[in-house]
Amino acid sequence: MRAADHYTINVLGTPSLTLMERAGEALANEAEKLSQAGAVLCVCGGGNNGGDGFACARILQTRGYDVDVLFFAEKLSKDCAYNRERWLELGGKTYTRFPEKDYAVIVDCLFGTGFHGSLQGESLIVVQEINRRKKGGAKVLSTDIPSGIDGDSGRVETDAVCADTTLCIGEYKIGVFLQDGLDYSGKVERVDIGISLLEKEDSERDFPYVELADGEYVKNVLPMRKRNSHKGTYGRAAIVAGSLEYTGAAYLSASACICSGVGYTTLYVPNGILPYYILKAPEILLKPSNEGDRYAFNEEKAVELLAYDSIAYGMGMGVSEQVAQGAEYLLKNYTGKLLLDADGLNSLAYYRADSVRRLLREKKCEVVLTPHVKEFSRLSGLSVEKVLQEGLSTAVDFAKETGVTLLLKGASTIVTDGRRKVLISSGNSGLAKGGSGDVLSGVIAGLCASGASAFNGAVCGSFLVGKAAELGATEKGERSLTPTDVIAYMGSAFLSI
């Protein structure tokens, strides 16, 4: 958005003060929606967000509202200084300490998306007072992103404004959808004030944007279903999973796969546990991956897998050299769409640490990796702290280097192939349970087998599993939602788009 601001102002010639006036008006309109009566306090910093706040205060005052401004910054941007002077010329009241007065609405314009680190000193005191006032009944409106949230990662170090509504000026800001941003931002809205995005070819080369996947996005990239079709039309997916310790992972993944639109789903599990799955889901074909009750690499069985349109590999298999060997074989020999999850990733990270990036670069297939933060840390060699702080950039860099589609799981999910970047924010805390990742792997494998590319399969699968969790929670609640419930709501998730 900083690049888009620069482009709009310096290339297209729209004055920055014109944009600030529009932003102030948009904030004033939103503040009016939150409360038609009562006093308003605009908390302004010294940057351009503060300038938006001064403009908002002036516009509300001209509309007859009782408005005050809290401002204690020592340095001001040029545009912020201009709007502060206009506010003072109007006779506006400005305080350097939080007034004792009661406010119906507090407009948070203290910090913007450039904030990093932790709140300290007077800023921390003010943010804590805003949150205290909210508990007392005041409505809180944040500009772009609640103050105290890291604009890139969504993390909160000490505290942050807990907003009722966050109004993103121009386009959505990524920090409101990542990590703590989801819990602090409240209802997220956006308003167009005439900021023009760069042309697509320029944006992909110089200022890459992140797309936000919604139902319309997913609907447009899902493979179409034809009336004149048969089970072979929609492909064959293999789920290679399971061990005596983790029998459920294989079942959840295969059960989710058959709900995704695929024609055939075959579950490969160690022969020692195969009887557990007989007729549990009669639609699933069952085959042994090897003898015993844990995975052991068997090249004869591995060759069978090469005929499938997609393979999901690793769920509940346990970390071992044998699992790493099986993953390496598929990377070197398979030409379809391969999803590596859970112990498939962990085994590569542990037993092929020195060669995992080379194996991924030299693969013959389309690859989707579906790690959570700790798994990605093991795989990439980056610290968990770095992944959390720079999740988007580290994911993009890894995907670009290795040529894979990387799905980095979190409160919001990032899918990237190193060039395209898509954020998926569907879902809820009901997915924070063992087995949810197995469901996701099965759905993606099924979508890929039935015609979706590896990238689109990852995006659509993540969105649809999140949507199923949202729909399931309306009846079961987030606390009681299980991965089995998520599978049961997959049909409703498809119908919703």
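These numbers come from a predicted model, not from an experiment.

Colleague: Got a minute to help me understand the pairing of strand S4 (residues 105–109) in this structure?
Modeller: Consecutive side chains of a regular strand alternate in pointing toward one face of the sheet and then the other. Across the five residues of S4, five count as buried, placing the element largely inside the fold. Where burial is concerned, the two faces of S4 agree: the one with Val105, Val107 and Cys109 and the one with Ile106 and Asp108 are both buried. Alignment of strand S1 (residues 40–44) against S4, held across five bridges, turns out to be parallel. In the sheet register, leucine 41 faces S4, and the bridge partner there is isoleucine 106.

Colleague: When you look at the nonpolar core in this model, what are you seeing that I'm missing?
Modeller: Nonpolar side chains in soluble globular proteins generally cluster together in the buried interior. Counting residues in each nonpolar core, the largest one holds 54 residues, and the members touching the most others are Ile239, Leu267, Val439, Val459 and Leu464. Here this core takes 10 residues from helix H18 (residues 454–476), the largest share from any one element. Counting 48 residues, the second largest nonpolar core, distinct from the first, contains Leu305, Ala349, Val373 and Phe376.

Colleague: Please clarify how the packing of helix H14 (residues 373–380) against helix H16 (residues 391–402) should be interpreted in this entry.
Modeller: The geometry of a pair of packed helices is captured by two quantities: the angle between their axes and the separation between those axes. Two numbers describe how H14 lies on H16: the axes approach to 12 Å, and their chain directions differ by 45°. Put simply, H14 runs oblique to H16. Where H14 crosses over H16, the handedness of that crossing is left-handed. Listed contacts from H16 to Phe376, Leu379 and Ser380 of H14 are Thr394, Ala395 and Phe398.

Colleague: I would appreciate a short explanation of the packing of aromatic side chains in the present structure.
Modeller: Pairs of aromatic rings are described using the distance from one ring centre to the other and the angle between the two planes. Going through the model one piece at a time under the given rule, you end up with eight aromatic pairs. Considering the side-chain rings of phenylalanine 111 and phenylalanine 115, the 5.0 Å spacing of their centres and the 45° angle between planes classify their relative orientation as tilted. Given the relative accessible area of 26%, phenylalanine 111 is considered partly exposed. Plain terms: the ring middles of tyrosine 268 and tyrosine 308 are 6.1 Å apart, the flat faces sit at 85° to each other, and that makes the pair edge-to-face. Of this pair, tyrosine 268 sits in strand S10 (residues 264–269) while tyrosine 308 sits in the loop between helix H10 (299–305) and strand S12 (310–313), placing them 40 residues apart in sequence. Tyrosine 308 matches tyrosine 268 in its accessibility class, with the two residues each being buried. Here the guanidinium or amino end of arginine 236 rests over the ring plane of tyrosine 308, the centre of that ring lying 4.3 Å away.

Colleague: I'm lost on the sheet that holds strand S14 (residues 366–369) in this one. Help?
Modeller: The pairing of strands in a sheet comes from backbone hydrogen bonds and takes either a parallel or an antiparallel form. Pairing in this open sheet of 10 strands is mixed, and the strands run S8-S17-S16-S15-S14-S13-S12-S9-S10-S11 from one edge to the other. Edge strands, defined here as strands with exactly one partner in the open sheet, are strand S8 (211–212) and strand S11 (285–288). Relative to strand S13 (residues 337–340), S12 is paired through four bridges, and the arrangement is parallel. Bridge assignment links serine 310 to a residue of S13, and that residue is lysine 337. Across the sheet, helix H11 (residues 321–333) is in contact with S12, S13 and S14; its angle to S12 comes to roughly 160°.

Colleague: I tried to follow the sheet that holds strand S3 (residues 93–95) on my own but got confused; where do I start?
Modeller: What the seven strands build is an open sheet, ordered S3-S2-S1-S4-S5-S6-S7; its pairing is parallel. Sheet topology places S3 and strand S7 (187–191) at the edges, where each strand pairs with a single neighbour. When the angles between neighbouring strand axes are averaged without regard to direction, this sheet yields 25°. Here S1 pairs with strand S2 (residues 67–71) via five bridges, running parallel. Paired with cysteine 44 across the strands is phenylalanine 71, a residue of S2.

Colleague: Where do I start with the side chain of threonine 165 in this structure?
Modeller: Structurally, threonine 165 can be placed in strand S6 (residues 165–169). Overall, the relative accessible area of 5% leaves threonine 165 in the buried class. Those residues in contact with threonine 165 that lie beyond four places of it in its chain are Glu30, Leu34, Val140, Leu141, Ser142, Ser185, Lys187 and Glu189.

Colleague: Would you explain H18 in this entry?
Modeller: Structural remark: α-helix, 3.6 residues per turn; residues separated by three or four positions point the same way. Under the 1.5 Å per step criterion, the end-to-end length of H18 is 32 Å for 23 residues, consistent within 8% with the ideal 33 Å. After H18 finishes, the residue glycine 477 shows a positive phi value of roughly 85°.

Colleague: How do you make sense of the pattern of salt bridges when you look at a structure like this?
Modeller: In a structure, side chains of opposite charge can pair up when their charged atoms sit close to one another. For the structure on display, the rule yields 29 salt bridges. Between arginine 132 and glutamate 129 there is a salt bridge; the shortest N-O distance is 2.7 Å. With a gap of three residues between them, arginine 132 and glutamate 129 both fall in helix H5 (residues 121–135), about one helical turn apart. Looking at glutamate 129, the relative accessible area reads 17%, which means it is buried. The salt bridge involving lysine 409 is made with aspartate 341; its shortest N-O contact spans 3.5 Å. Separated by 68 residues along the polypeptide, lysine 409 in the loop between strand S15 (405–408) and strand S16 (413–416) and aspartate 341 in the loop between S13 and helix H12 (343–351) bring together distant segments of the chain. For the residue pair lysine 409 and aspartate 341, the accessibility class agrees, reading buried in each case. Three or more residues joined by partner-sharing salt bridges are found here, namely Glu321, Glu328, Lys332 and Arg352.

About the thresholds
Residues numbered from 1 in each chain as written. Predicted model: local features only at pLDDT ≥ 70, side-chain atom pairs only at ≥ 80, totals over all residues. Heavy atoms only, no water. Buried < 20%, exposed > 50% of the residue type's maximum accessible area, 1.4 Å probe, protein only. Helix = DSSP H or I, 4+ residues; strand = E, 2+ residues; numbered from the N terminus. Pairing = 2+ DSSP bridges. Core = buried A, V, L, I, M, F, W, Y, C linked by side-chain atoms within 4.5 Å. Axes fitted to C-alpha atoms, helices over the stretch in contact; angles between N-to-C directions. Parallel < 35°, antiparallel > 145°, perpendicular 65-115°, else oblique. Left-handed = near helix turned anticlockwise from the far one by under 90°. Contact = heavy atoms within 4.5 Å. Phe/Tyr/Trp six-rings, centres within 6.5 Å; stacked < 30°, edge-to-face > 60°. Lys NZ or Arg CZ within 6 Å of the ring centre and 35° of its normal. Expected span 1.5 Å × (residues − 1). Salt bridge = Lys/Arg side-chain N within 4 Å of Asp/Glu carboxyl O.

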